[in-house]
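# Results of the structural survey
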Amino acid sequence: MKFFLSKKFSNLAMLVKACQKQDPSAQTAFYERYKGRLTGVCQRYARTRMEAEDIFQEAFIKIFNNIQDLKDPDSVDSWVKVTVVRTAINYYHRTTKQQDLNGSIDNMDIQLESDDYGKIIDQLNVKDLLAIINELPDKYRTIVNLHLIDGYTHTEIGELLSIPDATSRSQFMRGRNLLLKKLELKGIVHHENF
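Let me begin by describing the structure that accompanies this report. All figures in this text were calculated on a predicted structure; none of them were measured in a lab.

### Some thoughts on helix 2 (residues 24–45)
- For helix 2, built from 22 residues, the straight-helix expectation of 32 Å at 1.5 Å per residue is met to within 8% by its first-to-last C-alpha distance of 29 Å.
- The axis of helix 2 is deflected most strongly, by about 55 degrees, at Lys35.
- Within helix 2, the full set of buried residues consists of Ala26, Phe30, Tyr31, Tyr34, Leu38, Thr39, Val41, Cys42, Arg44 and Tyr45.

As structure tokens, this is what we get:
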């Protein structure tokens, strides 16, 4: 009985090719494939769940508008993630004033310096860590997410945010220090032995 044989799209390459032909069932399957994990990526860059869903929707409009340009269907996972991250960054640019990103932070007296911050962060579960990162001001939260979570270099972050890489480094250090301070307030201190 042919009805009970394999699904219509037996591998990712077939799914991508069907999306390139604008097959609605393929687009639905493609969207559902990424919805769970990439909505989480969007949440790291947004303040609310609704903003994250907006970012995700906007990213998928871009993805479906440009999927025919994808030459290698096997690279679709990284292409989709980069598109989602870039859409989140563009959203950040639209909703946050650029001068806030480059502004001075005279009223901050956070001077934590610790090479153990990686151990501290490893100690938390992911959900708790993301909740604490989400409490950071936008200018720090974005750079901490890009560098610490997504693994972008400061040069790449500078290009994405249209800032000098030195600004990315300093914003990351300030954001990291603020993150460490928030962790201290929750009882996790940087001088503990792990």
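Having seen it, we continue.
### So, the nonpolar core
- The biggest cluster of nonpolar side chains holds 50 residues, and the ones touching the most others in it are Phe30, Phe60, Val80 and Leu146.
- Taken together, the elements giving at least two residues each to this core come down to helix 1 (12–20), helix 2, helix 3 (49–66), helix 4 (76–95), helix 7 (126–134), helix 8 (138–149), helix 9 (154–161) and helix 10 (165–185).
- Residues in contact with Val80, not counting those within four places in the same chain, are Phe30, Tyr34, Leu38, Phe60 and Ile63.

### Quick look at helix 4
- Taking 1.5 Å per residue, 20 residues should reach 28 Å; helix 4 reaches 28 Å between its end C-alpha atoms and fits that length.
- Restricting attention to buried positions, one finds in helix 4 the residues Val76, Val80, Thr83, Val84, Val85, Thr87, Ala88, Ile89, Tyr91 and Tyr92.

### Details of the packing of aromatic side chains
- For the structure shown, the criterion picks out eight aromatic pairs.
- Look at Tyr31 and Phe60: their rings are 5.3 Å apart centre to centre, the planes differ by 75 degrees, and that puts the pair in the edge-to-face class. Placement of Tyr31 in helix 2 and of Phe60 in helix 3 is noted, with a sequence separation of 29 residues between them.
- Tyr31 gets classed as buried once you look at its relative accessible area, which sits at 16%.
- Taking relative accessible area as the criterion, Phe60 reaches 2% and is therefore assigned buried.
- Here a set of aromatic residues connected by ring pairs shows up, and it is made of Phe30, Tyr31, Tyr34, Phe56, Phe60 and Phe64.
- The ring of Tyr140 carries Lys139 above its face, with NZ or CZ at 5.8 Å from the centroid.

About the cut-offs
- Residues numbered from 1 in each chain as written.
- Predicted model: local features only at pLDDT ≥ 70, side-chain atom pairs only at ≥ 80, totals over all residues.
- Heavy atoms only, no water.
- Helix = DSSP H or I, 4+ residues; strand = E, 2+ residues; numbered from the N terminus.
- Expected span 1.5 Å × (residues − 1).
- Bend = angle between axes of the 7 residues up to and from the residue.
- Buried < 20%, exposed > 50% of the residue type's maximum accessible area, 1.4 Å probe, protein only.
- Core = buried A, V, L, I, M, F, W, Y, C linked by side-chain atoms within 4.5 Å.
- Contact = heavy atoms within 4.5 Å.
- Phe/Tyr/Trp six-rings, centres within 6.5 Å; stacked < 30°, edge-to-face > 60°.
- Lys NZ or Arg CZ within 6 Å of the ring centre and 35° of its normal.

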